[in-house]
Every structure is written in structure tokens, then in C-alpha cells.
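Commentary on secondary and tertiary structure
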Amino acid sequence: MAPVTGAERDPALGPVVVPADELQARISTLGKEITADYEGRPPLLVGVLKGAFMFMSDLARAIDLPVEFDFMAVSSYGSATRTSGVVRIIKDLDLDLTDRHVIIVEDIVDSGLTLAYLRRNLAHRGPASLEVCALLLKEGLQKSDPDIRYVGFRIPPEFVVGYGLDVAERYRNLADVVRYVGS
Ligand code: IMP
């Protein structure tokens, strides 16, 4: 098992699913793709708090365009490791999306229910375009095709932490994405 970077040994952590260097390499590629796709129409990045904060920060620096940022915080009801699809907006956007080229920046897509809600909600605000960039997509869990323009990594349907992702607010500062096995 590869060592977890940025953390002491913790029995609740399983193997590394995506190591830090692979995250950074893929994000650099995604940044180049977005730079090419959005030339002449700089995007507004909408980060979904809290999980996407690290990804948003690294992705934004990999995009060579005058991007703007906004953040939204949502919470899905349900058990700690499963969403029910009932999404509540905790913090709404500050900016008006009218005629903007919006990219939703998500940490992880599991059932896809949170993303489906966000997409519907933001589409009603009159953006010129609306795409999604998700760092992690859990394979085989979405009921319908989640239609995500930019995907960092497809991972098995296991609970993971690190690089912004948490369990009860812990492990967000791990440099790697790691399987959570519990205690
Ligand atoms: P979905 O609505 O089932 O797609 O769940 C999306 C949200 O649930 C993500 O934005 C995360 O906040 C959380 N989530 C889903 N899977 C994981 C995971 O493996 N680790 C940490 N958070 C997760």
C-alpha cells in the first residue's frame, strides 16, 4: 500500500486511490483543455463547498484565462456516507450568472443527485453556457448519464477522503485521495 502523504498513519484510512502527483498531473491537463475550449469567453468557475475548495484552487491556477470565481455551499440530507438527493443551499452565489459561461466545479459525483439539482438550479439563472468539471466520478452509481464535460478520474464506488473530501470534517487536508475504511 502506498504511503498516505500529508497524514500520520491512521487505521481508518485504506489504500491511496489517487496519489497527489496524479491529481496534479490530471488537473494540469484539465486546465489546458478548459483554456483551449474557453478562449475568448473566460469562464466563471462555481465551486461547490466545501469539498471542491482544493480542486478549485489548483484547477483555477492551471487555466490560462482571466477566470472569475464564485462559491456555493450545499448540503445533502441523508446518512454520513450517502446522499438522499434532497439538497439545501447553505450559501448561494454572490454573482449574477446571466450570459456568463459557467463551469460547476465539483469534488465528487456519487449518485449524481446533488449535481442534477445544482445544474437545474443554475440553468434557471440564464447562463450563456453551463458545463461541469468533476474531479472524481464514482463508476456505475448514477441512474442517468450525468453528462459531465470534464472528468478528472473514474473511481470505484467506495467512500474516499482527502484532497478536500471529508468524513465529519476530517481528512480534507490529505494530499492524496484515499479510501476510507472506518475505525
Ligand atoms: P451525490 O449527490 O450522491 O452525487 O453526492 C455528492 C456529494 O456527496 C459530494 O459533493 C460529496 O460532498 C459527497 N460525497 C459523495 N461521495 C463521497 C465520498 O466518497 N467521500 C466524501 N464525500 C462524498
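Thresholds applied
Residues numbered from 1 in each chain as written. Predicted model: local features only at pLDDT ≥ 70, side-chain atom pairs only at ≥ 80, totals over all residues. Heavy atoms only, no water. Helix = DSSP H or I, 4+ residues; strand = E, 2+ residues; numbered from the N terminus. Buried < 20%, exposed > 50% of the residue type's maximum accessible area, 1.4 Å probe, protein only. Contact = heavy atoms within 4.5 Å. Core = buried A, V, L, I, M, F, W, Y, C linked by side-chain atoms within 4.5 Å. Pairing = 2+ DSSP bridges. Arc of directions from axis to C-beta. Salt bridge = Lys/Arg side-chain N within 4 Å of Asp/Glu carboxyl O. Phe/Tyr/Trp six-rings, centres within 6.5 Å; stacked < 30°, edge-to-face > 60°.

**Quick look at the overall build of the protein chain**
In terms of regular secondary structure, the protein chain is built from three helices and nine strands. Secondary structure elements of the protein chain occur, N-terminal to C-terminal, as β-α-β-α-β-β-β-α-β-β-β-β. Taking all 183 residues of the protein chain together, 47% fall into the buried category. For the protein chain, the proportion of contacts with a sequence separation of at least 24, taken over those separated by at least 6, is 66%.

**What about the nonpolar core?**
Residues I34, L45, F55, L59, C133, L135 and L136 are the most contacted members of the largest nonpolar core, which totals 27 residues. Only α1 (20–37), α2 (53–62), β5 (101–109), β6 (129–138) and β7 (150–155) provide two or more residues apiece to this core. Grouped together as the second largest cluster of nonpolar side chains are 20 residues, L44, L118, A134 and V151 included.

**Describing the pairing of β7**
Looking along a regular strand, one sees side chains alternate from face to face of the sheet. By the criterion of burial, β7 is predominantly enclosed, with five of the six residues buried. Inspection of the sheet shows β6 paired to β7 by five bridges, in the parallel sense. Among the inter-strand pairings, L136 is bridged to a residue of β7, identified as F153.

**Some words on helix α3 (residues 113–123)**
Among all positions of α3, only T114, L115, L118, R119, N121 and L122 are buried. Buried residues in α3, looked at end-on, bunch into an arc of 165°, giving them a common side. Elements that come into contact with the buried residues of α3 comprise β2 (44–49), β3 (68–76), β4 (87–91), β5 and β6.

**A closer look at the pattern of salt bridges**
It is possible for side chains of opposite charge to pair when their charged atoms get near one another. All chains considered together, the criterion is met by 13 salt bridges. Close ionic contact of D37 with R149 constitutes a salt bridge, the shortest N to O distance being 3.2 Å. Pair noted here: D37 is in helix α1 and R149 is in the loop between β6 and β7, with a separation of 112 residues, a long-range link. Ionic pairing is found between R172 and E169, a salt bridge with its closest N-O pair at 2.9 Å.

**Digging into the packing of aromatic side chains**
Counted according to the given criterion, the structure contains two aromatic pairs. Consider the rings of F159 and Y180, whose centres lie 6.3 Å apart with planes at 75°: the pair is edge-to-face. Of the two residues, F159 is situated in the loop between β7 and β8 (160–161) and Y180 in strand β9 (residues 177–180); the sequence distance between them amounts to 21 residues. On the basis of relative accessibility, which here comes to 23%, the residue Y180 falls in the partly exposed class. Centroid distance Y171 to Y180: 6.0 Å. Interplanar angle 55°. Geometry classified as tilted.

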